[in-house]
Protein chains: 2
Amino acid sequence: MLLKNIFNPPQNQWRTKIIGQFEAVVGKDGVVRRKDELLTYECDGITGYRQRPALVVLPRTTEQVAAVVKICHENEIPWVARGAGTGLSGGALPLEDGVLIVTARMKQILKVDLDNQRVIVQPGVINNWVTQAVNGAGFYYAPDPSSQIICSIGGNVAENSGGVHCLKYGVTTNHVLGLKLVIPDGSIIDVGGPVQEMPGYDLTGLFVGSEGTLGIATEITISILKVPESICVLLADFTSIEAAGQSVADIISAGIIPAGMEIMDNLSINAVEDVVATGCYPRDADSILLVELDGLAVEVAANKKRVAEICQTNGARSLTSANDAETRYKLWKGRKAAFAAAGKVSANYFVQDGVIPRTQLVNVLREINHLSEKYGYRVANVFHAGDGNLHPLILYDNKVAGAWEEVEELGGEILKLCVKSGGSLSGEHGIGIDKNCYMPEMFNEIDLETMQYIRSCFNPKGLANPGKMFPTPRTCGEAANARKLEEFKDAELY
Amino acid sequence: MLLKNIFNPPQNQWRTKIIGQFEAVVGKDGVVRRKDELLTYECDGITGYRQRPALVVLPRTTEQVAAVVKICHENEIPWVARGAGTGLSGGALPLEDGVLIVTARMKQILKVDLDNQRVIVQPGVINNWVTQAVNGAGFYYAPDPSSQIICSIGGNVAENSGGVHCLKYGVTTNHVLGLKLVIPDGSIIDVGGPVQEMPGYDLTGLFVGSEGTLGIATEITISILKVPESICVLLADFTSIEAAGQSVADIISAGIIPAGMEIMDNLSINAVEDVVATGCYPRDADSILLVELDGLAVEVAANKKRVAEICQTNGARSLTSANDAETRYKLWKGRKAAFAAAGKVSANYFVQDGVIPRTQLVNVLREINHLSEKYGYRVANVFHAGDGNLHPLILYDNKVAGAWEEVEELGGEILKLCVKSGGSLSGEHGIGIDKNCYMPEMFNEIDLETMQYIRSCFNPKGLANPGKMFPTPRTCGEAANARKLEEFKDAELY
């Protein structure tokens, strides 16, 4: 279904017939049908894959979502759910024959229960709003993707998003207590609940990270944490990435669990300084290590001393630290802007997302360097070092013929390297359309078949986000061709 | 299927035909068939439900488990998996027409990887053995059910077991990285993996806590933690349970997350002192609060001071604390022996397991007292106060006619109270055969149907642990009758 007919007038004759039904549910202004307006929804954060949806529907409530999904179910119209569209694996790539259900109007924080440290939100609520809503009372929401000021909680749930502070506190799944779901036949179900311990199968855990293939979460109960008494960020700079990597291993071995622990290499440092000019990252450093410690003031002070000693033992040239919020923000700013900076210093970039066991860090980084040289593309390394979640940024120029294909191949080699090293295909960006062809690197046929069974339970007609997450007969080469279609987007007839 | 024909010679004519097939897989000594030997397997930790299995099979390897399950699948023989048989909801209650697959011979620790803080075990490995295996190197396995010296990791996975130290570190599901599974058609699948972040559906999370209804875990990859630098246990004694409960709320509100936080009431204190004579628990206290703090020495010292202040503000009569292992052990010993002690001071006891939001603690305890008075049975309260997981122990005498029915009714009232207060039916003991009739208190028809769909994916013939976890047409009254059959067990013909 995916990517078919892209050069021909679409086959979705159902549009005219069904538009009225959608409008009856969400109102006239809740259905986007004009070609120029649909353009906005062509892609998510991974702009290489583009496809215009037949229609966009913007519900406001669980009941509206259920009614919209039911119309799709009855008319066998495939659909894709979209949050803020910041995803990095093309999970929200629309179908030209399908409906895109966008949660942009579902932005209410429904309940704040400080006593029990939980908040109920609609899926379109922006990640950062949760912390803003409870910060005054001394709480925050822990999972913090770099895109947290624009990404939505619904999208975070779909992708099981992580962030720089997930080393100590866990990714999204560790913070979701319960969900109200609309499943692909339009039924509304509740999974999980108000407390952590719930009997029955853990369907909440199953749904988090299911990338829109099992339904849409319309109410999300998340837990919030107390703001720690003290927070300190340390920046150490090294003359080799091995030394930075060894420091990470030594910190963990010492039993210290920092709130976050990130490495950036020289290429990333300079990209960031070029673009956001933090002034904090030494441009001549081979790599820098950022460590955030939190807890009681006495604990943070003691751990700061230990981390500093470990970094010095491993040859850190200099150490900077910040306890006040303003300087901490400055130290993190460059890291949080790393992807955007890569986009500024290179015509195009492709961000990879793989996981390796921490012990393989130095080996894998060395291998990535070899691959970078072999393929002739610069690779900037920025990563969640504490949990081995790498984000190599491959810099390239899309205008050079054949570049994308080579970059995709290089990206694939890096992923295979991660899996071969005992790691995983994705840390936090999901599989989506971008990596589904690599799933067999990690799972055998029967493992994947088991997941497909589960998918069929919820999604028997295959209408919810078809073509995503699971490898289809489509090869990776075909995916590469699909990307090239981007150039033809203006030639489409509609 | 369950409990049928209990007065008649069983219908399992398949026994004679199939025994040879099982023996070919696990050897002659791997099949238990004699009536007197089968007695051992009649019940698990909840002795009220008893039923003799047709056969017991004792495999040693994944391949043997797969072959045994395949024989059951092909011959449509229902089966139940059993770990150490310490479960408290009858999850491992056998079927008289069925096979009991016991993991008692699968006791190998297959791999210890200290660098990446993970251990791979067979399901029959005893919980405590994991910590013993890695403790010398400074690590431990966090989930610690009170039965940890006898319960198995496989059983912990099936029930998603908790323990007194799960407040800070989470229950079993938070410590399982991956599983090798034999699913009910005899296929072997791998779910999860060596690192925390894995793409695809979280089938590991789905399986943990599935109570034997989806298959058998034959290899379990668990994560281990570093032993903290310092551990301190505080014991505070109070003249009212309200004051103890308020201290718990205030400790959490202060942002302190103790490793464990437990309350015992006067009845439990005296039962424990009668039986294990710790000498530490003041017999005249209305209730005691045990708080374990761990972390860096400076952190523990600071938090100890804060906890002590909170307890004093709430009227604690006395405070004892212990930093050394020996005294800490003494302080915990009574709590860990609480269930066993109840069994000594009363002819029989029934332990309930419900969860409530922490803010409802005082209200719910008051209500339980009212219920105890109304029904005329003493209820001892011992509980994981930090996460609101109550364990009311109802003391009764089975010889008194009608006692059990009243106790079951009282237990049910307590569960309904937990659910009504915004909590849950089970914190850590599972649903099994004991609570499946209460599932509709918590889940509506469509929620339960969704779980049944999932169950059918793995278990389409319904052969794996039938009759457990989900409410069957059987009413709670029928379950009560089933218990009475216990008295007739010697009259059974075989």
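Look above for the structure.
Residues numbered from 1 in each chain as written. Chains lettered and ligands numbered in written order. Predicted model: local features only at pLDDT ≥ 70, side-chain atom pairs only at ≥ 80, totals over all residues. Heavy atoms only, no water.

Draft legend 1. Molecular detail of the pattern of salt bridges. All names here are of chain A. All told, the structure shown has 36 salt bridges over all chains when counted by the stated rule. Where K168 meets D294, a salt bridge forms, and the shortest distance between an N and an O atom there is 2.6 Å. Residue K168 is located in helix α6 (residues 166–169), and its partner D294 is located in strand β14 (residues 287–295); the two are separated by 126 residues in the primary sequence. Members of the salt-bridge network, linked through shared partners, are E23, K28 and R33. (Salt bridge = Lys/Arg side-chain N within 4 Å of Asp/Glu carboxyl O. Helix = DSSP H or I, 4+ residues; strand = E, 2+ residues; numbered from the N terminus.)

Draft legend 2. Examining the interface of chain A and chain B more closely. The interface is formed by 61 residues belonging to chain A together with 62 residues belonging to chain B. Overall, the association of chain A and chain B removes approximately 4,900 Å² of surface from exposure, summing both partners, and the carbon and sulfur fraction of that is 66%. Three residues, E197(A), P199(A) and Y201(A), lead the burial of chain A against chain B; their summed loss comes to 17% of the area buried on that side. On inspection of chain A and its partner chain B, the count reaches zero salt bridges. Counting across the chain A and chain B interface gives ten residue pairs in polar contact (both at pLDDT 80 or more). Residue contributions to the side of chain A that touches chain B peak at nine residues, all from helix α16 (residues 445–458) of chain A. A per-class count over the side of chain A that touches chain B returns 31 nonpolar, 19 polar and eleven charged. (Contact = heavy atoms within 4.5 Å. Buried area = accessible area lost by both parts, 1.4 Å probe. Polar contact = N/O pair within 3.5 Å; in protein donor to acceptor, adjacent residues only side chain to side chain. Nonpolar A, V, L, I, M, F, W, Y, C, P; charged D, E, K, R; others polar.)

Draft legend 3. Structural context of the sheet that holds strand β4 (residues 99–102) of chain B. Residues and elements named next belong to chain B. Pairing within the open sheet is mixed, and its four strands lie in the order β1-β2-β4-β3. Looking at which strands have only one partner, the edges of the open sheet turn out to be β1 (31–32) and β3 (79–82). Where strand β2 (residues 55–57) meets β4, three bridges bridge the pair, whose relative direction is parallel. Within β4, the residue paired with V56 across the bridge is L100. Along the sheet, helix α1 (residues 14–26) contacts β1, β2 and β4; its crossing angle with β2, the most-contacted strand, is approximately 10°. Relative to the sheet, helix α3 (residues 62–75) contacts β2, β3 and β4, its axis offset from that of β4 by approximately 165°. (Pairing = 2+ DSSP bridges. Axes fitted to C-alpha atoms, helices over the stretch in contact; angles between N-to-C directions.)

Draft legend 4. Summary view of the relation of the copies chain A and chain B. Rotating chain A by 180° and moving it 0.0 Å along the rotation axis overlays it on chain B with an RMSD of 0.0 Å. On the angle and the small slide along the axis, the relation comes out as a two-fold axis. By C-alpha distance to the rotation axis, the residue of chain A lying nearest is E299(A), at 2.5 Å. The share of interface residues of chain A whose copies in chain B are also at the interface is 100%, consistent with both copies meeting through the same surface. (Least-squares fit on C-alpha atoms with pLDDT ≥ 70 in both.)

Draft legend 5. Here's a closer look at the pairing of strand β8 (residues 176–182) of chain B. Residues and elements named next belong to chain B. For β8, the tally of buried residues reaches seven of seven residues, placing the bulk of the element in the interior. Here β8 runs beside strand β10 (residues 216–223); their pairing, made up of six bridges, is antiparallel. Among the inter-strand pairings, K180 is bridged to a residue of β10, identified as E219. Direction of pairing for β8 relative to strand β9 (residues 188–192): antiparallel, over a ladder of five bridges. Looking across to β9, one finds that V182 is bridged to I188. Hairpin remark: β8 followed by β9, antiparallel, with five residues in the connecting loop; positive phi at G186, about 90°. (Buried < 20%, exposed > 50% of the residue type's maximum accessible area, 1.4 Å probe, protein only.)

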